[in-house]
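# Structural features, examined
The residues making up each chain are set out below.
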Amino acid sequence: ADLAHGKQIFQGNCNACHLGGRNTIMAPKTLKTDALTKYLKGFKEDSVAAVTYQVTNGKGAMPAFKGRLKPNDIEDVVAYVVDQADKW
Ligand code: HEM
C-alpha cells in the first residue's frame, strides 16, 4: 500500500471529521490506537480488516465510502490510518 497516497486520500475525505486523528462528531472515538482498540469492532484481531469495514460501510454519522472511493484508494487510506494510529 502507498502511505503517501493514503495521506492524500485522508486529507481530502476524512479531515472534515478526523483532523489530527480526532473525531469532531463523537469525540471519544478518535483514530488513536487506544480508542480504536476500545471502540472499533475487530481492531485488535485484524486492524486492516476492521478499518476497511468501517470505511467501506460507514457507521452512524460516518458515511460509507464504497462507490465514493476506488478500492485502491480505500486500501491506501486504511494503511495510512493503521500506520498513523500510534503517531497522532
Ligand atoms: C469513526 C475512519 C471519514 C465521522 C471512524 C473510525 C474510523 C474512521 C477508523 C473508528 C474510530 C473509533 O472507533 O475510535 C475514517 C476514514 C475516513 C472517515 C478513514 C475517510 C475515508 C469520516 C467523515 C465523517 C466521519 C467524513 C463525518 C462526516 C465518523 C464518526 C465516527 C467515525 C461519527 C464514529 C461512528 C460511530 O461509532 O457511531 N472513522 N472516517 N468519518 N467517523 Fe470516520
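Coordinates for the structure precede this section.
Anyway, here's the lowdown on the structure attached to this text. Per chain, the residues get numbers from 1 upward, laid out in the order the sequence is written. Where local features are concerned, this predicted model is filtered to residues with pLDDT of at least 70; where side-chain atom pairs are given and counted, the filter is 80 or more; whole-chain, interface and lining totals use all residues. In computing side-chain values, all of the structure's heavy atoms are included and hydrogens and water are not.

## Observations regarding the coordination of the iron atom of the ligand
For clarity, the threshold we go by: Donor atoms (N, O, S) are those found within 2.8 Å of the metal centre, with the cutoff raised to 3.2 Å for Na, K and Ca; water is not part of the atom list, so apparent gaps in a site can occur. All geometry calls rest on donor angles, where a four-donor set with angles between 85 and 135 degrees is tetrahedral, four- and six-donor sets with opposite donors more than 155 degrees apart and all others between 65 and 115 are square planar and octahedral, and all else is irregular. Helix numbers and strand numbers start at the N terminus; a helix is a DSSP run of H or I with at least 4 residues, a strand a run of E with at least 2. Using a 1.4 Å probe on the protein chains alone, a residue whose accessible area is under 20% of its type maximum counts as buried, one over 50% counts as exposed, and one in between counts as partly exposed.
Protein coordination of the iron atom of the ligand is provided by H18 (NE2) and M62 (SD), with donor distances spanning 2.0 to 2.2 Å. Around the iron atom of the ligand sit six donor atoms, and with donor-metal-donor angles ranging over 86 to 180 degrees the site reads as octahedral. In this pair, H18 sits in helix 2 (residues 15–18) while M62 sits in the loop between helix 4 (47–57) and helix 5 (71–84), placing the two residues 44 residues apart along the sequence. Exposure remark for H18: the relative accessible area of 12% places this residue in the buried category.

## Focus on helix 4
Convention followed: The contact criterion used throughout is that any non-hydrogen atoms of two residues lie within 4.5 Å.
Buried residues of helix 4: A50, V51, Q54, V55 and T56, and no others. Taken together, the buried residues of helix 4 touch helix 5. Within two residues after helix 4, G58 carries a phi angle of roughly 70 degrees, on the positive side.

So, to be careful, I would describe these as geometric facts and stop short of saying anything about function.
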